[in-house]
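For reference, the chains in residue letters:
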Amino acid sequence: MAFASRKSSPPVDVIDPGPIALRARHVEFDLSASPLHWIPGHPVASHAVSAYHLLFPEVERFFITAFEEALPLVEDDRLREDILGFIGQESIHADAHDRAIRDFLLTHGIDATPVVAQTQWILRKSMGPRALADPTAQRQYLIERLAIVAALENVTAFLGHYALNNTWDEFGADPNLTDLLRWHGAEEMEHRNVAHDVALYFDPSYRRRLRAMAVTVPVTVLLSARCMWFLITSDPRAPRSRLRTVRDILRGGRLGLLPTWREVLGAMTGYLRPSYTPEQTGSMSQALAYLAQIDTRTVTP
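Reference entry: report on the structure contained in this document. (Residues numbered from 1 in each chain as written. Predicted model: local features only at pLDDT ≥ 70, side-chain atom pairs only at ≥ 80, totals over all residues. Heavy atoms only, no water.)

Taken as a whole and assessed by the stated rule, the structure comprises 14 salt bridges. Across the pair aspartate 95 and arginine 61 runs a salt bridge whose closest N-O atoms are separated by 3.6 Å. Highlighted residues: aspartate 95 in helix 2 (residues 77-105) and arginine 61 in helix 1 (residues 43-70), separated in sequence by 34 residues. As a salt-bridge pair, arginine 208 and glutamate 144 come within 2.4 Å of each other at their nearest N and O atoms. Here arginine 208, found in helix 7 (residues 206-233), pairs with glutamate 144, found in helix 4 (residues 135-164); they are 64 residues apart in sequence, far enough to count as distant. Overall, the relative accessible area of 18% leaves glutamate 144 in the buried class. Where salt bridges share partners, they join Glu58, Arg61, Asp95, Asp98 and Arg124 into one cluster. (Salt bridge = Lys/Arg side-chain N within 4 Å of Asp/Glu carboxyl O. Helix = DSSP H or I, 4+ residues; strand = E, 2+ residues; numbered from the N terminus. Buried < 20%, exposed > 50% of the residue type's maximum accessible area, 1.4 Å probe, protein only.)

What follows deals with helix 1. For helix 1, built from 28 residues, the straight-helix expectation of 40 Å at 1.5 Å per residue is met to within 8% by its first-to-last C-alpha distance of 41 Å. A bend of about 40° at leucine 55 is the largest found in helix 1, and the proline proline 57 appears one to four places after it. Across the 28 residues that make up helix 1, a large majority, 24, are buried. (Expected span 1.5 Å × (residues − 1). Bend = angle between axes of the 7 residues up to and from the residue.)

A few words now on the environment of alanine 163. With respect to the helices, strands and loops of the structure, alanine 163 is situated in helix 4. Residues alanine 163 and threonine 178, spaced 15 residues apart in sequence, show a C-alpha to C-alpha distance of 8.3 Å. Look past the residues within four positions of alanine 163 in its chain and what remains in contact with it is Trp168, Leu181 and Arg182. (Contact = heavy atoms within 4.5 Å.)

So, on to the nonpolar core. One finds Trp38, Leu54, Phe67, Trp168 and Trp183 to be the most contacted residues of the largest nonpolar core, which totals 90 residues. Considering every element that reaches this core, the biggest residue donor is helix 1, with 16 residues. Sequence-distant contacts of tryptophan 168, that is, excluding residues within four places in its chain, are made with Trp38, Ile39, Val49, Ala163, Ala173, Thr178, Leu181, Arg182 and Leu257. (Core = buried A, V, L, I, M, F, W, Y, C linked by side-chain atoms within 4.5 Å.)

Turning our attention to helix 2. For helix 2, with 29 residues, the first-to-last C-alpha span of 41 Å sits near the 42 Å given by 1.5 Å per residue. Between a side-chain oxygen at the N-terminus of helix 2 and the backbone nitrogen of arginine 78 the separation is 3.1 Å; the capping residue is aspartate 76. (Polar contact = N/O pair within 3.5 Å; in protein donor to acceptor, adjacent residues only side chain to side chain.)

Running from N to C, helix 1 and helix 2 point in directions that differ by 150°, and their axes come no closer than 8 Å. With respect to helix 2, the element helix 1 is oriented roughly antiparallel. The chirality of how helix 1 crosses helix 2 is left-handed. Taken together, the residues that form the contact of helix 1 with helix 2 break down as 15 nonpolar, five polar and six charged. (Axes fitted to C-alpha atoms, helices over the stretch in contact; angles between N-to-C directions. Parallel < 35°, antiparallel > 145°, perpendicular 65-115°, else oblique. Left-handed = near helix turned anticlockwise from the far one by under 90°. Nonpolar A, V, L, I, M, F, W, Y, C, P; charged D, E, K, R; others polar.)

Laid out in C-alpha cells, this is it:
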C-alpha cells in the first residue's frame, strides 16, 4: 500500500481537448552539477530512473525509423501531420537523453558504451528495418514494427503520466533531472494517440496487438533490468545484492519514487483490453499545462 505522502493521480480527462498540433520543443537542461544519487538517500531509485537515459535514445530512434518508412504510405493528411510532429518530438527526446549520458553519467565516471551497444544491437539488428525481396513481406514486416511501436508507446505514455505524478519533489530530487524527465513525460502524453492511430491505420486487428505485446513485454523488462543493473554495479555506493536491489525497488514504489509492480502490470494488461484507447492513460490537460510552462523556456535551435 502506498504511503500517505504519495501524490494522487489525476482522473482521466472528462473533456476532450480537441486536435493538438504536435511540435518539437527545444529545451536545454544543465545536468553538469546533478548528483549521481539525484533522489537523495535513494541510490537504487535514482539508478532505476536514470537507466532510461541509456534506453530511450535507441528506443526513440527505433520509433522514428519505423515511422519514416511508413510515412509515404499514409494518405490521411491529419495522420501524416501527427507522424511528422511525433518524429520531431522523439528526435529531440533522443538527443536530450544522449546529452544526459554525456553530461550526467560520464561526469560521474560511468561509461555506458557497453550497455548502449547491447540496446542498439537488439533494436537495430534484431528488430530494425530489413530489405526483403517480397514487397508483401516487406509491408507486413513494417506493420509488425509499427504494432510494436504502438505497444511500446503505451509503456512510455504510462511512464510519462508517472513522471508527472510522483513524490520526487517531496524527497528533494534534483530539479534539473526532474524537469528533463517531466518534459519528456508530458510530451509522451501529448502524442500518446499517434502510434496507436498509425497501428490501426495499417492493421486494426486485435491479433496483431497481442503479437506485438508478446514481443514488447520481454524486451522492455530485459532491457530495463539490464540498464538498471549496469548503473547499480557501476556505482560503488549502491548495494550490490540483487535481493537488496529488489527490496529497494519495491520500497521506492511504496514511497512513490517509482511505479509499483501493480501499476506496471496494470498498464501492460490494460493495453490488452479490446476496448483500450490511449485516452485511458493519464490526463492530457495536466500534460498540456506542464508543457505550457516549458514553452516559456524553449530555445531557438
